[in-house]
Amino acid sequence: GFGCKQMMEAVKEDYRLEASAEELLAKKNQYYLEIARSNTAVFPQMKVFLDLLQKEGYPMALASGSSPEVIDAVLEVAGLRSYFDVVISSEEVQRCKPAPDVFIEAANRLQVPYENCLVVEDSQYGVEAAWSASMYCVGLPCSLNGEIHESFRKAQLLLEKGVAEFSAEKVFAWMKNIQ
């Protein structure tokens, strides 16, 4: 439920660190980018889903809680930048998820009414944000212990096994059915 900068402010306070939140964020991003540049793999079914959406001419946005630098690096490594008409970080809006601000801003930039938007989300806070924005949501929980946070029940389509259960064709057909 925090943006990256807010998370580093909390870490700084919790651990009484002398470094500024900005310095901590830069260091976190450095480590994250090192890992992301060598270990980012595109989930094949998600790539198929993006291809289906692009082929049909749907406008697409990536709205993330990550910093712009991290988003850009991951999109470059994954080769996915060309799919998105809009790329937005929660650092560009007033409030982070679970507030709907990043999704609302993405819809505004796409010039698409909120109620016509579909969010694919793997975090409880993102599902809450999509629900608050009156957007459709596909919930893809990422749970190490098999427990699913109750917030995922707000998703109109919940794939309880996360990406292991995700089928591009099935989600695309479901999406076409709700229009």
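Notes on the structure follow. (Residues numbered from 1 in each chain as written. Predicted model: local features only at pLDDT ≥ 70, side-chain atom pairs only at ≥ 80, totals over all residues. Heavy atoms only, no water.)

**Some details on unusual backbone geometry**
Consideration 1: Cis peptide bonds are those with omega within 30 degrees of zero, and the linkage from K97 to P98 qualifies with 20°.
Consideration 2: The phi angle at S134 is positive, at roughly 60°, despite the residue not being glycine.
Consideration 3: Within the secondary structure, S134 is located in the loop between α6 (124–132) and β4 (136–139). (Helix = DSSP H or I, 4+ residues; strand = E, 2+ residues; numbered from the N terminus.)

**Remarks on the nonpolar core**
Consideration 1: In this structure, A63, I88, V102, F103 and M135 are the most contacted members of the largest nonpolar core, which totals 22 residues.
Consideration 2: Of all the secondary-structure elements, those providing two or more residues to this core are β2 (86–89), α5 (101–110) and α6.
Consideration 3: By residue number, the principal contributor to this core is α5, which donates 5 residues.
Consideration 4: When sequence neighbours within four positions are dropped, the list of residues in contact with M135 reads F103, I104, A107, Y114, C117, V119, A130 and Q156.
Consideration 5: The next biggest cluster of nonpolar side chains, apart from the first, holds 21 residues, and it includes L80, Y83, F84 and L159. (Core = buried A, V, L, I, M, F, W, Y, C linked by side-chain atoms within 4.5 Å. Buried < 20%, exposed > 50% of the residue type's maximum accessible area, 1.4 Å probe, protein only. Contact = heavy atoms within 4.5 Å.)

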